[in-house]
Amino acid sequence: MLETNRLFSQGQQAFQEKNYERAIDYYQQFIEQSEIIPALVYYHLGVSFKNQGQMKQAIFSFAQLIETDPKNATGYYQIGCLFLEEGFVAEALMYLQKT
């Protein structure tokens, strides 16, 4: 438990410092070791991947956010925006309509 708390805190700190590569590493370790994953972790992981140009991983992270918290409009919005950026208008609209 202490290790997962440490990983979560380090992920938060790296994210706030905009060190997205480190944030990704800490959050992924946290996910591997923790039984309960807060939706915020998936959001920060998605934003971190997006800022690193890793769009597929960002979409996957935001999808996990939605799976964790189906009423979280931010996850749908982020996926919709990513699809729109990639030129997938129909897919984007499908997600954006859920926000």
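Refer to the structure above for everything that follows.
Residues numbered from 1 in each chain as written. Predicted model: local features only at pLDDT ≥ 70, side-chain atom pairs only at ≥ 80, totals over all residues. Heavy atoms only, no water.

Caption draft 1: Spatial organisation of the overall build of the chain. The number of helices and strands found in the chain is 6 helices and 0 strands. Moving toward the C terminus, one meets the helices and strands of the chain in the order α-α-α-α-α-α. The C-alpha radius of gyration computed for the chain amounts to 14 Å, which stays within 12% of the reference 13 Å derived for 99 residues, consistent with globular compactness. Structurally, the chain occupies a C-alpha span of about 45 × 25 × 20 Å along its principal axes. Here the contacts in the chain between residues at least 6 apart in sequence split such that 35% fall between residues at least 24 apart. (Helix = DSSP H or I, 4+ residues; strand = E, 2+ residues; numbered from the N terminus. Rg over C-alpha atoms; globule rule 2.2 N^0.38 Å. Contact = heavy atoms within 4.5 Å.)

Caption draft 2: How the structure looks around the environment of Q29. Structurally, Q29 can be placed in helix 2 (residues 20–33). The spacing of Q29 and G11 is 18 residues in sequence and 9.4 Å in space, taken between C-alpha atoms.

Caption draft 3: Region of the structure containing the nonpolar core. By size, the foremost hydrophobic cluster in this structure holds 26 residues, and its most contacted members are F15, Y27, F62 and I79. For this core, the secondary-structure elements that each account for two or more residues are helix 1 (2–16), helix 2, helix 3 (39–51), helix 4 (55–68) and helix 5 (73–85). If near-sequence neighbours (up to four positions away) are discounted, F15 is found in contact with Y20, A23, Y27, H44, V47 and S48. (Core = buried A, V, L, I, M, F, W, Y, C linked by side-chain atoms within 4.5 Å. Buried < 20%, exposed > 50% of the residue type's maximum accessible area, 1.4 Å probe, protein only.)

Caption draft 4: Representation of the environment of L65 in the model. Summarising the element assignment, L65 is placed in helix 4. Relative accessible area serves as the criterion here: at 1%, L65 is assigned to the buried category. For the pair formed by L65 and E85, sequence separation is 20 residues and the distance between their alpha carbons is 20 Å. When neighbours within four sequence positions are excluded, L65 is seen to be in contact with A39, Y42, Y43, N72 and G75.

Caption draft 5: The packing of aromatic side chains, seen in detail. Under the counting rule described, the total for this entry stands at 6 aromatic pairs. Ring geometry for F15 against Y20: centres 5.7 Å apart, planes inclined by 70°, an arrangement best described as edge-to-face. Like F15, the residue Y20 is buried in the burial classification. Grouped by ring-pair contacts, the aromatic residues Y76, F83, F88 and Y95 constitute a single cluster. (Phe/Tyr/Trp six-rings, centres within 6.5 Å; stacked < 30°, edge-to-face > 60°.)

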